[in-house]
Amino acid sequence: MRRELAGTLVLPGDAGYTTARRLFNPAYDQVRPQAVAYCESAGDVSACLGFARANGVPVTSRSGGHSYAGWSTGTGLVIDVSRMNAVSYADGQATVGAGAKLIDVYDRLSRRGVSIPAGTCPTVGIAGLALGGGIGVVSRKHGLTCDALESVRLVTADGRVLTCDADHHAGLYWACRGGGGGNFGVAVSFTFRTFAASRLTVFFLHWPWSKAGAAVRAWQSWAPSAPDELWSALHLTRSARGLDVAVVGAYTGPASALNRLLDRLAERVGRPSSRSVRTTSHLDAMKIMGGCSSMSVDRCRRMPREAFGAKSHLAYRELPADGVRALVNGVARSGGHSVLLDAMGGAIGRVAPTATAFPHRAALFSVQYYAEGTSRSWLRDLHTNMSRYFGNHGYVNYIEADLKNWRSAYYGANAARLAEVKSTYDPGRLFRLPQGV
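Residues numbered from 1 in each chain as written. Predicted model: local features only at pLDDT ≥ 70, side-chain atom pairs only at ≥ 80, totals over all residues. Heavy atoms only, no water.

With that settled, consider the overall build of the protein. Along the protein, the regular secondary structure elements total 14 helices and 18 strands. Computed over the C-alpha atoms, the radius of gyration of the protein is 21 Å, within 12% of the 22 Å expected from 2.2 N^0.38 for a compact globule of 437 residues. Taken over the C-alpha atoms alone, the protein extends approximately 65 × 50 × 45 Å along its principal axes. For the protein, with 437 residues in total, the buried portion stands at 58%. In the protein, the share of contacts with a sequence separation of at least 24, taken over all contacts with a separation of at least 6, comes to 72%. Counting every atom, the protein has about 16,900 Å² of accessible surface; 48% of that belongs to carbon and sulfur. Here the protein carries 49 positive and 31 negative side-chain charges, and the mean point of each set is 4 Å from the other. (Helix = DSSP H or I, 4+ residues; strand = E, 2+ residues; numbered from the N terminus. Rg over C-alpha atoms; globule rule 2.2 N^0.38 Å. Buried < 20%, exposed > 50% of the residue type's maximum accessible area, 1.4 Å probe, protein only. Contact = heavy atoms within 4.5 Å. Areas by Shrake-Rupley, 256 points an atom, 1.4 Å probe, with all protein chains shown as cover. Lys, Arg positive; Asp, Glu negative; His and termini not counted. Charge placed at Lys NZ, Arg CZ, Asp CG, Glu CD.)

Set out below in structure tokens:
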């Protein structure tokens, strides 16, 4: 197989194997693949899949290596597309290699004065984000990442290289917009519709923990129904520094209009203990939201690894009073953890639930439960407690290995059609995720 690749095959015992097998989350450092193939082209990917078919080797694909369940690696062959990371722009469209990290997408497109709707973490790979939907900072204005996807180039289980769009392999194209990475093939490049990357106004508001309940009540009715130009997130955090309530976000309009919107929120919660509003370039705003504002693009690309666990919900209705108390009390428990609520609505909600594979168009906001380290008890307990309020809805990009009802949670009514696409393009189930379609 090594002779067939233009890229590099790394085996146990080779120099670089320890680095090659690692994901972003050190919790999965114990997984030891039989090989990691750094692919240079779609031809390399096709050769890897041919080898896997012929030899019965389990195969998985990896872009940024951020799979929450660790499914960017495995015990067989890992197809790594990180070297396929070119970003180009022409005539309103960006062509992005599947291995590009978000910080590089933002950086390279900013030089052309454009961008695409995408996520916050700078080292996330574009492939996993787009294939699972893609909730991000400008989604209320410009839609999900998958909504801007005009075509995807994919290597299927039989080694074919297919270009999928609304007119070619339309079912597969539909499935690649929210059906989750690793299910239908190995993506090698994407073509996105872009928008003009104007300056953004970013903001940070903090309140004392005594205002946590009021902040949840006010934010959940304010944020999802705000003008499309406003995206925000509510963070409830317990860390070594104590308990914190924060609303962060970005606004595509003038700062004066944003301040009026923030004043309305403050009237309902109370005066924040700190308030920061700053207008900056689109790239700098993405760096701020990604937690690397003071760093160069190169340093953003090399953010340190983190051990964590996570779960999710999608909120289709506001929390009642007892639900707000349950959430606040859950975060107040001892430990290091947070709950992150990201506003939806706007352009996200104007797409029909069946138009793409991402079904949660009517959701008001996403909910991410995030625990530092590898402890899972807090995650399980709070997720279970909050399920009585949020119901059975989850985000496939926050994939959970122990979620029992994952098929309906991630895909809802779209699950049956996704299964049909799977049977058409991977009837032998070469791609076998534990939660595979």
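Further notes follow.
Okay, the side chain of Asn 25 next. Mapped onto the elements of the fold, Asn 25 is located in the loop between helix H1 (17-20) and strand E2 (35-38). Beyond its immediate chain neighbours, meaning those up to four positions away, Asn 25 contacts Arg 305, Glu 306, Ala 307 and Phe 308.

Per the counting criterion, the structure on display carries one disulfide. A sulfur-sulfur separation of 2.2 Å characterises the disulfide bridge that pairs Cys 292 with Cys 300. Handedness of the Cys 292-Cys 300 disulfide follows from its S-S torsion of about 105°: it is right-handed. Relative accessible area serves as the criterion here: at 1%, Cys 292 is assigned to the buried category. For Cys 300, a relative accessible area of 0% corresponds to the buried category. In this structure Cys 164 is a free cysteine whose sulfur lies 5.9 Å from that of Cys 176, the closest cysteine sulfur available. (Disulfide = S-S within 2.5 Å.)

Describing two packed helices takes the angle between their axes plus the distance from one axis to the other. It is at 9 Å that the axes of helix H7 (residues 212-222) and helix H11 (residues 321-332) come closest, and there the two elements cross at 125°. As the angle between them shows, H7 and H11 are arranged oblique. Of the two elements, H7 crosses H11, and the hand of that crossing is right-handed. Within the contact between the two elements, H7 uses Ala 212, Gly 213, Val 216, Arg 217 and Gln 220 and H11 uses Val 324, Leu 327 and Val 328. Each residue belonging to the contact of H7 with H11 can be placed in one class, and the counts come to five nonpolar, two polar and one charged. (Axes fitted to C-alpha atoms, helices over the stretch in contact; angles between N-to-C directions. Parallel < 35°, antiparallel > 145°, perpendicular 65-115°, else oblique. Left-handed = near helix turned anticlockwise from the far one by under 90°. Nonpolar A, V, L, I, M, F, W, Y, C, P; charged D, E, K, R; others polar.)

Strand order in this open sheet of five strands is E5-E6-E10-E8-E9, and the pairing throughout is antiparallel. Two strands in the sheet have a free side with no partner beyond their single neighbour: strand E5 (87-90) and strand E9 (161-164). Ignoring strand direction, the axes of neighbouring strands in this sheet form an average angle of 15°. As defined by bridge partners, strand E8 (residues 149-155) adjoins E9 across four bridges and the pair is classed as antiparallel. Among the inter-strand pairings, Arg 153 is bridged to a residue of E9, identified as Thr 163. Sitting on the sheet, helix H2 (residues 42-55) touches E8, E9 and strand E10 (186-193), and the angle it makes with E8 is about 45°. (Pairing = 2+ DSSP bridges.)

The tally for this structure, following the rule as stated, stands at 18 salt bridges. Close ionic contact of Arg 160 with Asp 158 constitutes a salt bridge, the shortest N to O distance being 2.9 Å. The partly exposed category is assigned to Asp 158, whose relative accessible area is 41%. Beyond isolated ion pairs, a larger network of salt bridges with shared partners links Asp 104, Asp 298, Arg 301 and Arg 302. (Salt bridge = Lys/Arg side-chain N within 4 Å of Asp/Glu carboxyl O.)

Here strand E4 (residues 77-80) shows two buried faces, one formed by Leu 77 and Ile 79 and the other by Val 78 and Asp 80. Pairing analysis gives four bridges linking E2 to E4, with the strands arranged parallel. Each residue of the ladder has a partner; that of Ala 37, found in E4, is Ile 79. Two elements, strand E3 (residues 59-62) and E4, share four bridges in a ladder whose sense is parallel. Residue Ser 61 lies in a different strand from E4, and its bridge partner there is Ile 79.

The tally for this structure, following the rule as stated, stands at ten aromatic pairs. Here Phe 190 and Phe 192 contribute two aromatic rings whose centre-to-centre distance is 5.8 Å and whose plane-to-plane angle is 20°, an arrangement assigned as stacked. Across this residue pair, the class does not change: Phe 190 and Phe 192 are buried. Arranged with centres 6.0 Å apart and planes meeting at 75°, the rings of Tyr 410 and Tyr 411 form a pair that is edge-to-face. The same class applies to Tyr 410 and to Tyr 411, which are both buried. Here a set of aromatic residues connected by ring pairs shows up, and it is made of Tyr 68, Phe 308, Phe 358, Tyr 370, Tyr 395 and Tyr 398. (Phe/Tyr/Trp six-rings, centres within 6.5 Å; stacked < 30°, edge-to-face > 60°.)

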